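Coordinate inspection notes
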Amino acid sequence: METIDTNLSKTQETESSEIHHSHEEEHHGNFWTKYIFSYDHKTIAKQYLISGIFWAIIGGSMSVIFRLQLGFPDADLTFLKPLFGRWITEAGKLDQEFYLALVTMHGTIMVFFVLTAGLSGTFSNFLIPLQIGARDMASGFMNMLSYWFFFAASVVMFASLFIETGPASGSWVAYPPLSALPQAMSGSGLGMTLWLVSMALFIVSTLLGGINYITTVVNLRTKGMSFSKLPLTIWAFFLTAIIGLLSFPVLLSAALLLIFDRSFGTSFYLSDIYIGGEALMNTGGSPILYQHLFWFLGHPEVYIVLLPALGITSEVIATNSRKPIFGYTAMILSMLGIAFLSFIVWAHHMFVTGMNPFLGSVFMFLTLIIAVPSAVKTFNYLTTLWRGNLVFTPAMLFSIGLVSLFVSGGLTGIILGNAALDIQLHDTYFVVAHFHLVMGAASFFGMLAGVYHWFPKMFGRMINEKLGYVHFWMTFVGIYAVFFPMHYVGIAGFPRRYYTWTNFDTFNIFTDLNMFISAAAIITVSAQFIFVFNFFYSIFFGRKAPKNPWKSNTLEWTTPINLGHGNWVGPIPTVYRWPYDYSKTGAKEDFIPQTVPYSETPESNTKRENELAKQEDTFYKK
Amino acid sequence: MIILIAIAIVLVLGILFGVIYRILTLTDIAQKRQVGEQDIDISNNVNALLFGLLFFIGFGAFGWYSITTTDMYILPVASEHGVRTDGLFWFTMAIITTALVLVHIVLFFSPLMFRYQKNRRAHWFPHDNKMELIWTIIPAIVLAGLVVRGWFIWDDITQPAPKERVEVEVMGRQFSWQVRYGGKDGEIGRYDFRKIDAINSMGMDFKNDPKNLDDFTPREIHIPKGKPVLLKIRARDVLHSVFLPHFRVKMDAVPGMPTSFWFTPTKTTKEMRQETGNEKFNYELACTEICGSGHFAMRMIVVVDEPEDYKKWYAEQTPWVEMNADYMKETYPDLRLANNY
């Protein structure tokens, strides 16, 4: 097992027997090397997925708790006292600071631990080697380290939930001075320290994973798998990894300077502060600096969680429409455009922070440009569906749901990206509605689509599709019921991160609507347990999966049903065509896998493909 | 009580779910269903139909709620620039709602029109550069229009405040607002965070700036209708954000970096009371940057007066230092003399 990754970079064809040999040996590895400290990208992917599900349950449940406060402010929460202890006050109310801690942890967990690690970590790991035709990642060891750094980050973050002063509570963006001064709120004490330590570990994990993804895609593609034949999933993971590699280090620097300010008396972010009855000695720092550094990651982060979801959706929609994805090249170009633009729009989060208004104008322009490639992607999805032969697997439903959420959340971005309009809407529920739809829910749907679609490949069994349907419809309707009404609340000016709005005459309305949102949130979160049940039940008791249940073209479906480390028994297949030959004119079946040479399909070839067929003999023997 | 009901609902749903799941698995076993072609059965049609249904229910609810509750979610606007940003907001909203509906017509009815049929083949249509070009250019043009309109408004809003203006200093602290006016000379005195103590909570620097001597710090903000008002914004501990919802004003308060925002109120509090039919109506100042456990409670009332009422109110205010005479001693005698105190 230890030798396998050194073999991988060689020409796989010639050494396949040797690799196959070591792959056989690997089955004799003990429990620890097979399931815990595994080098196998598939095992690591499952580790990420199950950790992601664990965190999603925690993060989702937290949202239920604070939605109870917002929707039913008069409710007696004493029954939660056994769980939360003194965070529930004598009067049976949620502690005000605990409310903020919940909001903070919900954001941190969902953005980083669920949608970054759980989504990108799971599917980049699982699909990159399988879809490009590699036996494992470029470095199995680094890949294992990546997971265990994430695990360490998880342990630290989880531990911070139980300390006396409570977890970090200055919101997931952790703006100083609030996050820098323990005097400002108790969550900024040990809780914030642990938050920073956890984030640092998390960034290390992301970088180790990202380097691996990029290297693997560049170096380990099988014979014939040119970049122009890569499935869009791989393009998405590849670009995501590049974005992550370029932006996460900046977050690390932001976090480091914050650690210095907190613990070593520096003044990077602190200046002119009087708090807790004393004037601090810090001068000359700028809280705005932190915001620039944070959002330089923070905005690309949106695309780090969204692009993999869009990649998965492209694959699922094409397969289940039985139709090639429309505009393969345009899809790649728009992803490239989004990836590039994602780095130069960050300050649209800062229009009203006192930043130079001219910068606001520039960032407003760049931000609205990013809507163009997003629009192109949407129209391409629609055209792919149009005149298809649609099969509604749960994965397909979630993909269609994703497109819907991506559009309804993305469109309000056109409003928020406009500096003049952001003045009123900044930090209101309009923003909450916007990013939960476009980033939260859409990415979450991409993740679920991926789980439903590749479940047979992951576990060799089918996940129950009827439960999948119920899960989808409850979640889809539920998500809209939760987040669509928030637009009204936001237009009315309700600020975010408020424990209650009753202090203000202006915001002393919409109690019924908030109750509705909270009820919808509870139902939506509950519906996820249908999935959790279905997931774990089907791992053990699901129907046995056939080799290619969705009649898909991509390489992973050419592997054995229960595949070991090394993925293919015998040589890795050669790739002859792009992954989207669905319902090709003249073809016998409505799909032609990537491994079928053009010379075997004269009936469906175009002129150019007939030319290619003639060259196949010489080209692929080289 | 509500919690009990919620728990009961969860329990009922759980039991219901268990029963349904059992029935489904049993029917699967009874029918000996295999994975593959047979899978595409009636549920494919049901799912397709549900998308169509959701379109009508969803957009029905959207339209109904949007029309019937306008008085709740549309905040009356009371500033000059607010009228313009509101105009752009609803203009943009009209465009994106149109886009939303059009996209969803295709997205939710395609499932119905093109749901799987055994004897049909999907249409082979991998790309069309002309179509790609069209739907790149059209959004680009629309967005360019919105950007340009936004630019004009943004540029006007962020211009330096006119010379003829009322200046109000707003300071955010955990967890309240404090405001200061320039007093007789109309100029707000210098401050220093090191001068802050329990009484001099805004850190007025009497030692170095006699302009502080006539400054007053009322408990409500008063501003005149029709005059440009410049808010000089600062924070003394953590980030806060000045939010005046009716004036469409928002600007962060940053420790160590003073910010500002100017606007022209167009309706007095009295006029607004008539307009909204709410005798108790008040303009309010809220905080929109998380600042700690009391974030939600940082309220201050803003009163817009007719200019002459404002002048009267302004003249009636007592300078802060007159109520805290100890601080007068900090000032150098010669400075005091020079300013006729």
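Attention in this report is confined to the structure presented alongside it. Computed from a prediction, not measured in an experiment: that's the story for all the values here.

**Side note on the overall build of chain A**
Counting secondary structure elements, chain A contains 19 helices and two strands. Here chain A has a C-alpha radius of gyration of 25 Å; the compact-globule value for 622 residues is 25 Å, and the two agree. With respect to the principal axes defined by its C-alpha atoms, chain A has extents near 80 × 50 × 50 Å. Per-residue burial for chain A yields a buried fraction of 70% across its 622 residues. When contacts within chain A are restricted to residue pairs at least 6 apart in sequence, those whose partners lie at least 24 apart make up 77%. Split by element, the accessible area of chain A, about 19,200 Å² in all, is 68% carbon and sulfur.

**Observations concerning the overall build of chain B**
Helix and strand counts for chain B come out as nine helices and nine strands. The globule rule puts the C-alpha radius of gyration for 341 residues at 20 Å, and the 31 Å found for chain B is more than 25% above it. Counting only C-alpha atoms, chain B reaches 100 × 55 × 40 Å along its principal axes. Long-range pairs, those at least 24 residues apart, make up 70% of the contacts in chain B with a sequence separation of at least 6. When the accessible surface of chain B is totalled, it reaches about 17,100 Å², and 63% of it is carbon and sulfur. In chain B, 37 positive and 39 negative side-chain charges are present, and the distance between their average locations comes to 5 Å.

**Things to note about the pairing of strand 6 (residues 249–253) of chain B**
Residues and elements named next belong to chain B. The buried fraction of strand 6 is high, at five of five residues. Across five bridges, the pairing between strand 5 (residues 240–244) and strand 6 is antiparallel. Across the sheet, Phe 243 pairs through a bridge with Lys 250, a residue of strand 6. The turn joining strand 5 and strand 6, which pair antiparallel and follow one another in sequence, is formed by four residues; a positive phi near 55° is taken by Arg 248.

**Some remarks on the interface of chain A and chain B**
The partner chain B presents 112 residues to the 137 residues of chain A that form the contact. Summing the contributions of chain A and of chain B, the shared interface buries around 10,900 Å²; its carbon and sulfur component is 71%. Our count for the contact surface shared by chain A and chain B stands at one salt bridge. Notably, a salt bridge pairs Asp 505 of chain A with Arg 299 of chain B, separated by 3.3 Å at the nearest N-O pair. Counting every contact that joins chain A to chain B gives 33 residue pairs in polar contact (both at pLDDT 80 or more). Top element by residues in the side of chain A that touches chain B is helix 17 (residues 465–491) of chain A. It accounts for 12 residues.

**What about the sheet that holds strand 7 (residues 259–263) of chain B?**
Residues and elements named next belong to chain B. Taken in spatial order, the four strands line up as 2-1-4-7 in an open sheet, and their pairing is mixed. Looking at strand neighbours, the two that pair on one side only are strand 2 (176–180) and strand 7, the edges of this open sheet. Neighbouring strand axes in the sheet, compared pairwise and without regard to direction, differ in orientation by 25° on average. Taken together, the seven bridges between strand 1 (residues 166–173) and strand 4 (residues 229–235) define a ladder with parallel strand orientation. For Val 168, the partnering residue across the bridge sits in strand 4 and is Leu 231.

Basis of the calculations
Residues numbered from 1 in each chain as written. Chains lettered and ligands numbered in written order. Predicted model: local features only at pLDDT ≥ 70, side-chain atom pairs only at ≥ 80, totals over all residues. Heavy atoms only, no water. Helix = DSSP H or I, 4+ residues; strand = E, 2+ residues; numbered from the N terminus. Rg over C-alpha atoms; globule rule 2.2 N^0.38 Å. Buried < 20%, exposed > 50% of the residue type's maximum accessible area, 1.4 Å probe, protein only. Contact = heavy atoms within 4.5 Å. Areas by Shrake-Rupley, 256 points an atom, 1.4 Å probe, with all protein chains shown as cover. Lys, Arg positive; Asp, Glu negative; His and termini not counted. Charge placed at Lys NZ, Arg CZ, Asp CG, Glu CD. Pairing = 2+ DSSP bridges. Buried area = accessible area lost by both parts, 1.4 Å probe. Salt bridge = Lys/Arg side-chain N within 4 Å of Asp/Glu carboxyl O. Polar contact = N/O pair within 3.5 Å; in protein donor to acceptor, adjacent residues only side chain to side chain. Axes fitted to C-alpha atoms, helices over the stretch in contact; angles between N-to-C directions.

Don't take any of this as a statement about function, it's just geometry.
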